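If you want the building blocks of each chain, they are given just below.
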Amino acid sequence: MSGASPDYEAAVAQLGALLDRRRLAAARDVLGKALPQFPDDVVLLQYAAWIDWMEDRLDAARDTVGKILEIEPGSFDARFLLARIHAEEERYDEAEQVLIELLREFPEAAELYAHYARVMLATFNIDKAERLAAEALKRDPDNESALHVHTLCGFVRSSGAEQLERVHKQLERYPDQMQTTLTVIQLLMGRGRNREAYDLARELVALQPDNEHLVELAQELRYASHWSLLPLWPMQKWGWGGSIAIWIAVVALFRSGVLEGTALEPYTGVLVAVVIGYVIYSWIWPPILRRLLK
């Protein structure tokens with residue numbers, strides 16, 4: 001049995017220590033020597049799956065999880081990792097199903113509630129995410145994932161200075177939760193809430209000022225949330241579709257003769273000038289603003 005081998009015990013201990021320090025290349029070297037000796041050992045396979053997952057090799061991680069579940073169908077670690085892989089691939093229904101099955105068997109596992117809360121947050125189901133995070137915190141008041149999800153839910157509900165300060169403190173304390181914050185930024189952007197997304201992006205830049213991707217994201221959101229672009233919100237929200245809709249509405253208004261005989265008829269020329277000015281503004285001002293902000 002693999003557990004009786006000193007080589008096996010040494011490899012497992014070494015892998016645990018290396019992964020704690022996120023030394024993935026060194027851990028993979030250890031696995032490369034240990035797995036050929038114990039190819040069906042669930043513990044070593046679980047380490048292999050986690051390393052693949054941490055390196056974003058999701059297909060390899062899923063294949064290894066499948067092998068583990070063939071050997072040990074009830075493996076908590078393998079099933080939990082499978083839920084995380086599904087979530088990473090945005091297959092949220094499948095992730096939720098795995099988590100529900102695990103919670104039936106392990107109803108006191110705080111980490112399950114916390115991760116389920118993250119899945120619900122990623123689908124913008126704020127009420128359920130908040131409830132699940134609260135359940136996790138009942139079982140483990142220091143669970144960093146649950147604390148961060150709960151804080152982000154509060155920010156999404158009411159994005160004031162107090163809530164932003166809570167997010168700031170959470171990110172300072174738990175910088176590993178940055179990915180969850182990025183998910184919320186993307187969700188807010190998709191709903192046209194660029195100002196709140198910008199506030200969160202600034203917090204991430206404060207943590208990693210040398211991260212070019214975060215800086216570019218914050219710059220783009222600063223531009224998108226600028227007050228001078230508010231009149232262009234239909235184009236920002238719906239792109240060319242919004243622009244076309246505006247034009248159709250304007251053309252229909254002037255061709256239909258709706259203004260004839262009304263108090264606005266004498267101002268038809270002014271209205272036409274306003275429309276032309278709006279068009280010129282929509283073409284000229286955004287690129288100028290972008291250059292100014294940079």
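Rules used throughout
Residues numbered from 1 in each chain as written. Predicted model: local features only at pLDDT ≥ 70, side-chain atom pairs only at ≥ 80, totals over all residues. Heavy atoms only, no water. Helix = DSSP H or I, 4+ residues; strand = E, 2+ residues; numbered from the N terminus. Contact = heavy atoms within 4.5 Å. Areas by Shrake-Rupley, 256 points an atom, 1.4 Å probe, with all protein chains shown as cover. Buried < 20%, exposed > 50% of the residue type's maximum accessible area, 1.4 Å probe, protein only. Phe/Tyr/Trp six-rings, centres within 6.5 Å; stacked < 30°, edge-to-face > 60°. Lys NZ or Arg CZ within 6 Å of the ring centre and 35° of its normal. Patch = residues over 30% accessible without salt bridge, like charges linked within 9 Å, V, L, I, M, F, W, Y side chains within 5 Å. Salt bridge = Lys/Arg side-chain N within 4 Å of Asp/Glu carboxyl O. 1 Å grid on protein atoms, 1.4 Å probe; cavity = no way out; pocket = protein on both sides within 12 Å on 5 of 7 lines; lining within 4 Å. Points joined across faces, edges and corners; volume = space filled by probe spheres on them. Nonpolar A, V, L, I, M, F, W, Y, C, P; charged D, E, K, R; others polar. Core = buried A, V, L, I, M, F, W, Y, C linked by side-chain atoms within 4.5 Å. Expected span 1.5 Å × (residues − 1).

This part covers the overall build of the chain. Scanning the chain from terminus to terminus reveals 16 helices and zero strands. Partitioning the intrachain contacts of the chain with sequence separation of at least 6 by distance along the chain shows that 54% fall at a separation of at least 24. When the accessible surface of the chain is split by element, carbon and sulfur atoms take 56% of a total near 16,500 Å².

For Arg22, which is not a glycine, the phi torsion comes out positive at approximately 55°. Relative to the helices and strands, Arg22 resides in the loop between helix H1 (6-20) and helix H2 (24-34). One non-glycine residue, Glu90, adopts positive backbone phi at about 65°. The residue Glu90 is located in the loop between helix H5 (76-88) and helix H6 (92-105) in this model. Taking relative accessible area as the criterion, Glu90 reaches 57% and is therefore assigned exposed.

Overall, the coordinates contain four aromatic pairs when judged by the stated rule. Pairing Phe76 with Phe106 gives two aromatic rings, centres 4.9 Å apart and planes at 80°, and the pair type is edge-to-face. Of this pair, Phe76 sits in helix H5 while Phe106 sits in the loop between H6 and helix H7 (110-122), placing them 30 residues apart in sequence. In this structure Phe106 comes out as partly exposed when scored by relative accessible area, which is 31%. Here the aromatic residues Phe76, Phe80 and Phe106 are joined through ring pairs into a cluster of three or more. Directly above the ring of Tyr198 sits Arg202, whose terminal nitrogen or CZ lies 5.0 Å from the centroid.

Right, let's talk about a nonpolar patch on the surface for a bit. On the surface, Ile280, Trp283 and Ile284 cluster together into a nonpolar patch covering about 350 Å² of accessible area. If you trace the backbone, Ile284 turns up in helix H16 (residues 268-293). Exposure remark for Ile284: the relative accessible area of 47% places this residue in the partly exposed category.

For the rest of this paragraph, the subject is the pattern of salt bridges. Under the definition given, this model contains 19 salt bridges. Among the ionic pairs, Arg91 bridges to Glu94, the shortest N-O distance being 2.8 Å. In this structure, Arg195 engages Asp199 in a salt bridge whose closest nitrogen and oxygen atoms are separated by 3.6 Å. Placement of the pair is Arg195 and Asp199 together in helix H12 (residues 194-207), with a separation of four residues, close to one helical turn. Residue classification places Asp199 among the buried positions, given a relative accessible area of 10%.

This paragraph deals with the layout of surface pockets. Of the volumes computed, that of the largest pocket is approximately 1,400 Å³. Surrounding the largest pocket, 35 residues form its lining, Trp53, Arg84, Glu88, Arg118 and Gln179 being those nearest its centre. For the lining of the largest pocket, the secondary-structure elements that each account for two or more residues are H1, helix H3 (42-54), H5, H7, helix H9 (144-157) and helix H11 (178-190). Of all the elements, H11 adds the most residues to the lining of the largest pocket, at eight residues. Considered class by class, the residues forming the lining of the largest pocket number 15 nonpolar, 10 polar and 10 charged.

Turning to its location among the elements, Tyr92 is positioned in helix H6. Overall, Tyr92 belongs to the buried group, its relative accessible area being 19%. Separated by 24 residues in sequence, Tyr92 and Tyr116 place their C-alpha atoms 9.7 Å apart.

Attention now goes to the nonpolar core. Within the largest apolar cluster, 82 residues are counted, with the highest numbers of intra-cluster contacts made by Leu31, Leu44, Leu121, Ile185 and Leu200. Discounting residues that sit within four places of it in the chain, Leu200 has contacts with Leu152, Phe155, Leu164, Val167, Thr181, Val184, Ile185 and Leu188. Membership of the second largest hydrophobic core comes to five residues, among which are Tyr223, Leu229, Leu232 and Leu293.

Mapped onto the secondary structure, Gln163 falls in helix H10 (residues 161-173). The class of Gln163 is buried, set by a relative accessible area of 16%. Excluding residues that lie within four positions of it along the chain, Gln163 makes contacts with Thr151, Gly154, Phe155 and Ser158.

A word on H1. Its 15 residues place the ends of H1 21 Å apart at the C-alpha level, agreeing with the 21 Å of an ideal helix rising 1.5 Å per residue. Those residues of H1 lying buried are Tyr8, Ala11, Val12, Leu15, Gly16, Leu18 and Leu19. Packing partners of the buried residues in H1 comprise H2 and H3. Of the residues one or two after H1, Arg22 is the one with positive phi, at around 55°.

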